[in-house]
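Architecture and fold: a report
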Amino acid sequence: EQTVSVPAHSSRALNREFEEKLVGKILCKAASTLFLPPPLRIARILWHMIPFIGRGLRCLLHRTIKVELLDALSISISACRRDFSTAGMVMFLLEVGELLEEWTRKKSVDDLARSMSLNVDRVWLRTAQGEVLVPISQVQPGDAVIVRAGGIIPLDGLVLEGEITVNQASLTGESIPVPKHPGGAVYAGTVVEEGECVLEVKQASGQSRYDQIVQMIEQSEQMKSATESKAANLADKLVPYTLAGSLLDFALTRNAARALSVLMVDFSCALKLAMPLAVLSAMREASQSRITVKGGKFLEAAAAADTIVFDKTGTLTHACPKVARVIPFGGKDEAEMRLAACLEEHFPHSMANAVVEEAKRRGLRHEEYHSKVEYIVAHGIVSAVAGERVLIGSAHFVLEDEHCRIPEGEQERFHQLPPEYSHLYLAIGGQLAAVICISDPLREEAKSVLTALRALGITNTVMLTGDSYRTAAAIAAQVGVDDFRAGVLPSDKAEYVAQLRREGHTVLMVGDGINDSPALSEADAGIAISDGAAIAREIADITIAADSLWELVELRRIAMALMARIHSNYRFVIGFNGTLIALGVAGVLPPATSATLHNLSTLGVSLRSMSRLTTQTQSTRGNNLQNG
């Protein structure tokens, strides 16, 4: 049976379902207490006891002492003492607690999955009768689906007909659209930028690579933070002591009521319920601020971090380069932009696009008057015009590899090139003809965001870039980072992050592309900047929206508020339940009161864990955006 990635129930339907269950349980309890005669009420309680006793017996069979055993003992002893009202109240409170936990867990996972969903519910299916619009759930492997420019590819498959370019940045981090020809594989969630195609579906909805990512998000509560694990382990360790304390109290006092008062109280419920609920609620709250977090341990890392490492291009900058200046050499003029654009238009990366756009803006037409173009990856482009060799690319490629010379008497001008720009070098006939200065504009909010992060306890901010030292220094000074590294390769980024961690720092790495993935993996939490698509990068632990860095501040604020809440819950549970045990041992609290106070405190802590962590989330972000 196939599963669909889009949640089957709406959030409203889910809420209504659990509200009905909760109200039904409360009404049923009230009706049985008020209207059922005692024999029927006792029979109902005895029937209700069966699953609790069963879970307790399973613990004994597996020779483990867990909270289920304590629950079974306390309910059984109450029934044996003919204190059926206490047994009924304990079971009612336990069931309400379980219902609230399930509700919050499902709601949180539903919200996370919804924020990641494709939002594609119908597709154009090619049939013998023509094109038919059908629900995505009806599409089977082997069906032919039509996808046009601007459309999301709804399912994994192969291109049957047509040629398209596909933006796969959401899955692979590639910034350049990838051409796809008949026979080429395409993935759900990627976007067709140009052309249209007929797609042969290979995997039904629910089985694609995209849906695997969604499933990973849905299972994210399994990635416990150290604090959650510590709470769960402590809860399990305290159960035998609670049992031993109850037995000791009975041995010393021969008073079953006092022993039962101790048995009614355990730390496990509140500790095990409240901590995951707090984490899931924090993840849900983060998703409302367009931050996707894949597990509690990454929120813990975001709260504990003292260092944030930023990639420059596309992270601290907008990744939409523009030509700022053209500096001619050797008696040439700025019209050489025409030649540069003629070469660059063949290779659509961001810097090439900037050159072509600037030529258009200046009204420089660049008809094809060169011979075959050769592209040398990560270096530049080679061609020939009127019998002369023409090069455009990096300084390393043009001046060192190809040994092009700077015109006589212009070395001083060359050394005074403005450092705040990235540079493209154009050479004709072995001599430098022009330097095209490319500005990669800083995000307007970058400096303010760094200031806000420092106010939230980040002590070290670092920028990594493949640019030259001079350009990196100029950008670093503008944005206000504490340190920077220039000319770094992807492997260098990962090693730098690893070195920081070896020195004892907790490191967040913020990047936007596939080149950053080794460093994202190496950090305590890798944060990817989503490029507008709704899918979290596989390699990143956290994804923030592409249009603003203020989500980083919101992430830090939510993470710190979560850890503060977990620790305050922890102190309250230990303190309150410890007091109840002491009062039970002293004989001050009867079993029913002890059980009621314990379960009410568990419910209270759970409800508090479900509430918002940051009351000013949206308004603060809005103010920050305006101020930024």
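The numbers attached to residues start from 1 for each chain and follow its sequence in the written order. In keeping with the predicted nature of the model, local features appear solely for residues at pLDDT of at least 70, side-chain atom pairs appear and are counted solely at 80 or more, and the whole-chain, interface and lining totals rest on all residues. Side-chain calculation: all heavy atoms of the structure are included, whereas hydrogens and water are not.

Structural notes on the overall build of the protein chain
Broken down by element type, the protein chain carries 22 helices and 22 strands. Residue burial in the protein chain is summarised as follows: out of 628 residues, 51% are buried. In this analysis, two residues are considered to be in contact whenever any of their non-hydrogen atoms come within 4.5 Å of each other. Pairs at least 24 residues apart make up 69% of the contacts formed inside the protein chain by residues separated by at least 6 positions. To measure how exposed things are, a 1.4 Å probe is used in the Shrake-Rupley method; for residues, cover is taken only from the protein chains shown. With an accessible surface of roughly 28,200 Å², the protein chain has 56% of that area assigned to carbon and sulfur atoms. For the purposes of this entry, the term helix denotes a DSSP run of H or I that reaches at least four residues, the term strand denotes a run of E that reaches at least two, and both are numbered from the N terminus. Each residue's exposure class comes from its accessible area (1.4 Å probe, protein chains only) as a fraction of the maximum for that residue type: buried when under 20%, exposed when over 50%, partly exposed otherwise.

Description of the nonpolar core
The term nonpolar core refers to a set of buried residues drawn from Ala, Val, Leu, Ile, Met, Phe, Trp, Tyr and Cys, joined through side-chain atoms within 4.5 Å. Counting 52 residues, the largest nonpolar core has Val293, Leu316, Ile542 and Leu562 as the members making the most contacts within it. For leucine 316, the contacting residues outside a window of four places in its chain are Phe310, Asp311, Leu442, Arg443, Ala446, Leu450, Met463, Val479 and Leu549.

Points about the pairing of strand β3 (residues 144-147)
Here β3 shows a buried face lined by Ala144 and Ile146 and a second buried face lined by Val145 and Val147. By definition, two strands form a pair when at least two bridges between them are found by DSSP. The pairing of strand β1 (residues 122-127) with β3 spans two bridges and is classified as antiparallel. Each bridged residue has a counterpart across the sheet, and for tryptophan 124 the counterpart in β3 is isoleucine 146. Where β3 and strand β9 (residues 197-201) come together, four bridges link them in antiparallel fashion. Residue pairing in the sheet places isoleucine 146 in a bridge with valine 198 of β9.

So, the sheet that holds strand β21 (residues 525-529)
Overall, mixed pairing links the seven strands, which are arranged β10-β22-β21-β20-β11-β18-β19 in an open sheet. Whereas interior strands pair on both sides, the edge strands pair on one side only; in this sheet they are β10 (291-293) and β19 (483-485). Sheet twist, expressed as the average angle between the axes of neighbouring strands with direction ignored, equals 20°. Note: β21 against strand β22 (residues 542-544), three bridges, orientation parallel. When the bridges of β22 are listed, isoleucine 529 appears paired with isoleucine 544. Lines fitted to the C-alpha atoms define the axes, with helices restricted to the stretch that makes contact. Angles between their N-to-C directions range from 0 to 180 degrees. With respect to the sheet, helix α17 (residues 469-479) is in contact with β18 (460-464) and β19, its orientation differing from that of β19 by roughly 155°.

Quick look at the pattern of salt bridges
Salt bridge, as applied in this entry: a Lys or Arg side-chain nitrogen positioned within 4 Å of an Asp or Glu carboxyl oxygen. The full count for this structure, using the stated rule, is 17 salt bridges. With a shortest N-O distance of 2.9 Å, arginine 389 and glutamate 402 are connected by a salt bridge. Of the two residues, arginine 389 sits in strand β15 (residues 388-393) while glutamate 402 sits in the loop between α14 (395-401) and α15 (411-415), which places them 13 residues apart along the sequence. Overall, the relative accessible area of 26% leaves glutamate 402 in the partly exposed class. A salt bridge links arginine 413 to glutamate 410, with the shortest nitrogen-to-oxygen separation between them at 2.6 Å.

A closer look at helix α10 (residues 296-304)
Where burial is concerned, most of α10 is hidden: seven out of the nine residues are buried. Gly296, Phe298, Leu299, Glu300, Ala301, Ala302 and Ala303 are the residues of α10 that are buried.

Regarding the packing of α10 against helix α20 (residues 550-585)
Orientation of α10 relative to α20, taken along the N-to-C sense of each, is 105°, at an axis distance of 8 Å. It follows from the interaxial angle that α10 and α20 lie roughly perpendicular. Residues Leu299, Glu300, Ala302, Ala303 and Ala304 of α10 form the contact with α20, whose own contacting residues are Leu555, Arg556, Ala559, Met560, Leu562 and Met563. Taken together, the residues that form the contact of α10 with α20 break down as nine nonpolar, no polar and two charged. Each angle gets one of four labels, with under 35 degrees taken as roughly parallel, over 145 as roughly antiparallel, 65 to 115 as roughly perpendicular, and the rest as oblique. Residues were grouped as follows: Ala, Val, Leu, Ile, Met, Phe, Trp, Tyr, Cys and Pro as nonpolar; Asp, Glu, Lys and Arg as charged; and all remaining residues, including Gly, as polar.

So, the packing of helix α16 (residues 446-455) against α20
Taken N-terminus to C-terminus, the directions of α16 and α20 make an angle of 15°; their axes are 9 Å apart at the nearest point. Between α16 and α20, the angle falls in the class roughly parallel. Viewed along their axes, α16 and α20 form a crossing whose handedness is left-handed. Between α16 and α20, the residues in contact are Ser448, Val449, Ala452 and Leu453 and Trp550, Leu552, Val553 and Arg556, respectively. Partitioned by chemical class, the residues of the contact of α16 with α20 number six nonpolar, one polar and one charged. With the far helix as reference, a near helix turned anticlockwise by less than a right angle produces a left-handed crossing, and one turned clockwise produces a right-handed crossing.

Section: the packing of aromatic side chains
A pair of aromatic rings is counted whenever rings of Phe, Tyr or Trp (Trp by its six-membered ring) have centres within 6.5 Å, and the orientation is called stacked for planes under 30 degrees apart, edge-to-face for over 60 and tilted otherwise. All told, the structure shown has four aromatic pairs when counted by the stated rule. With 6.0 Å between their ring centres and 45° between their planes, phenylalanine 414 and tyrosine 425 make a pair best called tilted. Of this pair, phenylalanine 414 sits in helix α15 while tyrosine 425 sits in strand β16 (residues 422-428), and the two are eleven residues apart along the sequence. By relative accessible area, tyrosine 425 is classed as buried at 8%. Each ring, one from tyrosine 469 and one from phenylalanine 484, has its centre 5.3 Å from the other, and the planes form 45°; the classification is tilted.

Quick notes on helix α2 (residues 38-61)
The first and last C-alpha atoms of α2 sit 34 Å apart over 24 residues, in line with the 34 Å expected at 1.5 Å per residue. Bend at a residue means the angle formed by two fitted axes: the first through the 7 residues ending at that position, the second through the 7 residues beginning there. At isoleucine 50, α2 shows its maximal bend, which comes to roughly 35°, and the proline proline 51 appears one to four places after that position. Within α2, the full set of buried residues consists of Ile45, Met49, Phe52, Gly56 and Cys59. In the stretch just after α2, arginine 63 is the one whose phi turns positive, near 55°. Given a helix with a known number of residues, its expected span is that number minus one, times 1.5 Å.

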